[in-house]
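# Understanding the architecture of this molecule
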Amino acid sequence: RSVRGSRDAEVIQFGAPAFHVRATLVAPARATTMTVGYERTTKHKKTTVDGVEQTRLSDALGTLPSVCFSPVDVALVAGGPAERRHYLDVMLAMSSSSYLTALQQYRGALRQRNAALRSAQRAGARAGDAHDARVSVWEPALARNGAVLAAQRQSWCKAHAESFSSICAAIGERLTVSMRYAASTLTPTEYDGLSSGAERESALAHAYSHAMAEQRPNELRRGITLVGAHRDELQLMLGARELRTFGSAGQQRTAAIALRMLECATLRDAIGTTPLLLLDDPFAELDAQRSSRILRLLQEAGVGQVLLAVPREEDIPEGFTRLERRQMVDGNLR
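Let us look at the structure shown here. This structure is a prediction, so every number in the text was calculated from the model and none was measured. The numbers attached to residues start from 1 for each chain and follow its sequence in the written order. Per-residue local features are limited, in this predicted model, to residues with pLDDT of at least 70; the limit for side-chain atom pairs, both in listing and counting, is 80 or more; totals at the level of whole chains, interfaces and linings are taken over all residues. The side-chain figures draw on all heavy atoms in the structure; neither hydrogens nor water molecules are used.

This next bit is on the nonpolar core. For our purposes a nonpolar core is just a set of buried Ala, Val, Leu, Ile, Met, Phe, Trp, Tyr and Cys residues, chained together by side-chain atoms within 4.5 Å. Summary of the burial criterion: residues with accessible area below 20% of their type's maximum are buried, those above 50% are exposed, and those between are partly exposed, where the area comes from a 1.4 Å probe applied to protein chains only. Phe-69, Tyr-87, Trp-156 and Phe-164 are the most contacted members of the largest nonpolar core, which has 66 residues in total. Residues are treated as being in contact if the distance between any of their heavy atoms lies within 4.5 Å. With sequence-adjacent residues up to four places away left out, Phe-69 is seen in contact with Ile-257, Arg-260, Met-261, Cys-264, Leu-277, Leu-278, Leu-279, Asp-280, Pro-282 and Leu-298. Judged by nonpolar contacts, the second largest core, of nine residues, contains Ile-12, Phe-19, Val-49 and Ala-60.

Our focus in this paragraph is helix H4 (residues 97–123). Under the scheme used here, helices are H or I runs from DSSP no shorter than 4 residues and strands are E runs no shorter than 2 residues, and both carry numbers assigned from the N terminus. Here the expected span of a helix is defined as 1.5 Å times the quantity of residues minus one. Over its 27 residues, H4 runs 39 Å from end to end, which matches the ideal 39 Å to within 8%, given 1.5 Å per residue. Among all positions in H4, only Tyr-99, Leu-100, Ala-102, Leu-103, Tyr-106, Ala-109, Leu-110, Arg-113, Asn-114, Ala-116, Leu-117 and Ala-120 are buried. Residue Gly-124 follows H4 closely and has a positive phi angle near 65°.

Here we come to empty space enclosed by the protein. Any residue with an atom within 4 Å of a point lines the site, the site being either a cavity, points on a 1 Å grid over the protein atoms alone where a 1.4 Å probe fits but cannot get out, or a pocket, an open set with protein on both sides within 12 Å along at least 5 of 7 lines. Grid points are joined across faces, edges and corners, and a volume is the space filled by probe spheres set on the points. Here the structure, examined in full by the defined rule, presents two cavities of 30 Å³ or more. Lining the largest cavity we find 13 residues, and of these Phe-69, Ser-70, Asp-73, Ile-257 and Pro-282 sit closest to its centre. With three residues, helix H10 (residues 249–271) is the single largest residue contributor to the lining of the largest cavity. Classifying every residue of the lining of the largest cavity gives ten nonpolar, one polar and two charged. The computed volume of the second largest cavity comes to approximately 30 Å³. The wall of the second largest cavity is formed by Val-77, Arg-84, Glu-233, Leu-234, Gln-235, Leu-236, Glu-242 and Arg-244. Considering each element in turn, the lining of the second largest cavity owes the most residues, four residues, to strand E7 (residues 233–238). Here the term charged refers only to Asp, Glu, Lys and Arg, the term nonpolar to Ala, Val, Leu, Ile, Met, Phe, Trp, Tyr, Cys and Pro, and the term polar to all other amino acids, Gly among them. Taken together, the residues of the lining of the second largest cavity sort by class into three nonpolar, one polar and four charged.

Before going further, it helps to spend a moment on the pattern of salt bridges. One side-chain nitrogen of Lys or Arg within 4 Å of one carboxyl oxygen of Asp or Glu is enough to make a salt bridge. For the structure shown, the criterion picks out 18 salt bridges. Residue Arg-113 is joined to Glu-219 by a salt bridge in which the shortest nitrogen-to-oxygen separation is 2.8 Å. With a gap of 106 residues between them, Arg-113 in helix H4 and Glu-219 in helix H8 (residues 197–222) connect regions that are remote in the sequence. Measuring nitrogen to oxygen at the nearest pair gives 2.6 Å for the salt bridge that ties Arg-325 to Glu-313. Taken together, the positions of Arg-325 in the loop between strand E10 (306–309) and strand E11 (328–329) and Glu-313 in the loop between E10 and E11 put the pair twelve residues apart, joining distant regions of the chain. Accessibility expressed as a relative area gives 42% for Arg-325, which makes it partly exposed. Among the charged side chains, a network of salt bridges with common partners joins Arg-113, Asp-132, Glu-139, Arg-216 and Glu-219.

Below is the structure:
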């Protein structure tokens, strides 16, 4: 998919019927050939790995792990909770097959339950009638898979909270920047009091089930699911206040870059190789000192292959001046 979130049809060159991308990926173990293609008329997208067409697009997920740094990443911090949940979902789905499976099943059950709720709302349904049963039938799948999502998100946040604060400080932030996962059911204290991963998932599933049953009459009136993992939040704090509300533009950008660095580390630990680094004018609107600190942190962490896009040659950071260069002229890469 486009890193900018564009629809597939918008990625096709004007006047062209399709796009097609082919690459040979060389990992420590072996080389892999991957292709992706999309046709405008049929709206069909096809992915192959080593010549084998993938039944589902998600089957190819992780074949080419990459992390993109861009000025628009500030939305991870300044945007709403959905931006940060999406960040966690993409990163954890890339690094954990159990997370990807739970995410797919959760989203499917959520779509079905919301459809049942909208139907009930249009019919003016009340709790206890036939519509109630059509809604509640999706709740076990939501609770079970939501618990897997919340448990892995919570574990990731706890494992990387200290690194997040340290990276922000190393970039130049003087105030304490922290992160924590806020589930819509269990508090962090209740969650930490549970001894094992299985116990935490069980407790979260029970809490989600109870909350959905409790909220069902209200949801039947409003036509939407109000509790669950899709309502949880990755909270970023500046001292005791929310960074999205009280942080400056520079502080928010620093935190966003720290999140991307943690994404790099998470993928590297999960797959055993450094992900492709996509730098889309990453140091725009940052002062020279912060830019050099970020570059140093990247190099210390170990940088693999890098694709850097900047509007002017003078914008290339000193550490990347040895990269092979191409120019985009009138839509052609030279």
